[in-house]
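Letter by letter, the chains look like this.
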Amino acid sequence: MQRRDLLRLTTFSVLLAAVGRLPAAEAQPPTDLMPAFWRAYDAGRDASDRVEAIRAAFFVPNAELYAGAGLKPTYERLASWLPKFDAIAVDARRLSHGFDDHYKRHVQHFQREFPDFRRERAPIYLMPSLFMFDGHLQPWQGKLPLFVGIDGIVRYHGADANLSVLLDHESFHLYHGQHLPQLLMDEAPPVYGSLWLEGLATYVSERLNPEASLLHVLLDDQKLASADDATVRELAAKLLAVMDSTAPEDTNRFFSAGYKGPEPARGGYLVGLAIAREIGRGRPLAELARIPMPEVRGLMQQQLRGLAGRES
């Protein structure tokens, strides 16, 4: 998730087979804006001002939803994005056309592990993100929707992206938010909260996809996947020093894919995964989502001290 980057389709059907509602196989798909986008994209090919034609036909009618996702698709931004999108449009179209089948498989697989997940409380939107995200959670209209960027998935994960890992990661954020809303709905969480949020979602996607490579689990970040123990120790020490900070620069430093600095971008995902593996050993995944915030802080501090080589 990029809330960030840390991570949004119409309201989901209720999927609680455990309480006698719709079985997972009947889950309705996300709200898919991509068919309308493709119509505008194709119709704009012969327009004298192609950017304006696509903007007027698709982005203007969906301006409110884009604002909810934290995006403003101005003419200038679209003009910069469109040529780059053209280069991956074939792969993006293939992904968007096949997304529904991927999603149905994901729902059945995820719901078996988390039968109490209330999908109707977690609206999901499939859309072009102007390369700003692959999956993005942002509080909007009193809910925590998931915005899924088809173009972002192709750009950051390739045409053969492991959608099972990506969807499990993002769905767990939504599930986690139903049990710990004060963290997931907080637009400026403390660093220790983001560390648990992202580390646990990464760990869940690893547990649910045991065949997936570490590279895929770490969202196709080669630098993170090849990091050594010394890098983890250094990152843990730096995270420990700012664990209570809510400053955007500290959050971006450890959780933003766009970070440029001495530490690897999104180093918090790597450290968070190591922490979640330790805490989650032998425990049901659903139990981990229920750990309250005061306990989370203590666990994060204890684990960071251990990883940094300091006494607890």
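To be clear, the structure that these remarks concern was listed above.
Residue positions are given per chain, counting from 1 as you read along its sequence in written order. Reporting in this predicted model follows two pLDDT cut-offs: at least 70 for local features of residues, and 80 or more for side-chain atom pairs to be given and counted; totals over whole chains, interfaces and linings ignore these cut-offs and use all residues. Based on all heavy atoms of the structure, the side-chain values leave hydrogens and waters out of the count.

A.B. asks: What am I meant to see in the nonpolar core here?
C.D. replies: Across soluble globular proteins, nonpolar side chains show a tendency to be buried alongside one another. Of all hydrophobic cores here, the largest spans 98 residues; its most connected members are Phe37, Phe85, Phe114 and Met300. In terms of residue count, the dominant contributor to this core is helix H4 (residues 75-113) (twelve residues). Take the buried Ala, Val, Leu, Ile, Met, Phe, Trp, Tyr and Cys residues and link them wherever side-chain atoms come within 4.5 Å; each set so joined is a nonpolar core. The classification of residues rests on relative accessible area computed with a 1.4 Å probe and restricted to protein chains. Under 20% of the type maximum is buried, over 50% is exposed, and intermediate values are partly exposed. Think of it this way: any DSSP run of H or I at least four residues long counts as a helix, any run of E at least two long counts as a strand, and we number them from the N terminus.

A.B. asks: Any chance you could explain unusual backbone geometry here in plain terms?
C.D. replies: Excluding glycine, residues mostly carry a negative phi; peptide bonds, for their part, are mostly trans. For Phe131, which is not glycine, the phi torsion reads 65 degrees and is therefore positive. Mapped onto the elements, Phe131 comes out in the loop between strand E2 (124-127) and strand E3 (135-137). Classification of Phe131 by relative accessible area gives buried; the value is 8%.

A.B. asks: Would you take a moment to explain the layout of surface pockets for this structure?
C.D. replies: By volume, the second largest pocket is sized at about 220 Å³. Forming the walls of the second largest pocket are 13 residues, and the residues nearest its centre are Asp228, Asp229, Val232, Leu270 and Ala274. Broken down by element, the lining of the second largest pocket gets its largest block of residues, four residues, from helix H13 (residues 267-280). Three categories are distinguished: nonpolar for Ala, Val, Leu, Ile, Met, Phe, Trp, Tyr, Cys and Pro, charged for Asp, Glu, Lys and Arg, and polar for the others, with Gly belonging to the last. Tallied by class, the residues present in the lining of the second largest pocket amount to nine nonpolar, no polar and four charged. Points on a 1 Å grid, built from protein atoms alone, make a cavity when a 1.4 Å probe fits but cannot get out and make a pocket when they are open with protein on both sides within 12 Å along at least 5 of 7 lines; residues with an atom within 4 Å of a point are the lining residues. Grid points are joined across faces, edges and corners, and a volume is the space filled by probe spheres set on the points.

A.B. asks: For this particular structure, what's the right way to read helix H11 (residues 229-241)?
C.D. replies: Residues separated by three or four positions in an α-helix point in the same direction, a consequence of the helix having 3.6 residues per turn. What a helix is expected to span follows from its residue count: subtract one and scale by 1.5 Å. In a regular helix each residue adds 1.5 Å, so 13 residues correspond to 18 Å; H11 covers 19 Å between its end C-alpha atoms and thus fits that length. Inspection of H11 places Val232, Leu235, Ala236, Leu239 and Leu240 among the buried residues, and these make up the whole buried set. Down the axis of H11, the sector holding all buried residues measures 135 degrees, keeping them to one side. A contact between two residues is defined here by any heavy atoms of the two lying within 4.5 Å. Packing partners of the buried residues in H11 comprise helix H8 (191-208), helix H12 (248-255), H13 and helix H15 (293-307). Arc, as used here, means the arc of the directions from the helix axis to the C-beta atoms.

A.B. asks: Quick question: what am I supposed to make of the pairing of E2 here?
C.D. replies: Of the two faces of E2, the one carrying Ile124 and Leu126 and the one carrying Tyr125 and Met127 are both buried. As judged from the two bridges shared by strand E1 (residues 31-32) and E2, these two strands associate in the parallel manner. Each residue of the ladder has a partner; that of Asp32, found in E2, is Leu126. Bridge count for E2 against strand E4 (residues 146-149) is four bridges, and the pairing is parallel. Paired with Ile124 across the two strands is Leu146, which belongs to E4. When DSSP locates at least two bridges between a pair of strands, those strands are taken to pair.

A.B. asks: Hey, could you run me through the pattern of salt bridges in this one?
C.D. replies: Pairs can form between side chains of opposite charge whenever their charged atoms are close. One speaks of a salt bridge when a side-chain nitrogen belonging to Lys or Arg is within 4 Å of a carboxyl oxygen belonging to Asp or Glu. Inspection of the entire model under this criterion finds 15 salt bridges. Here Asp100 makes a salt bridge to Lys104, at a shortest N to O gap of 3.4 Å. Here Asp100 pairs with Lys104, and both are found in helix H4, just four residues apart, close to one helical turn. Relative accessible area serves as the criterion here: at 27%, Asp100 is assigned to the partly exposed category. Among the ionic contacts, a cluster of salt bridges with common partners joins Glu234, Lys238, Arg253 and Glu263.

The analysis is restricted to geometry; functional conclusions fall outside its scope.
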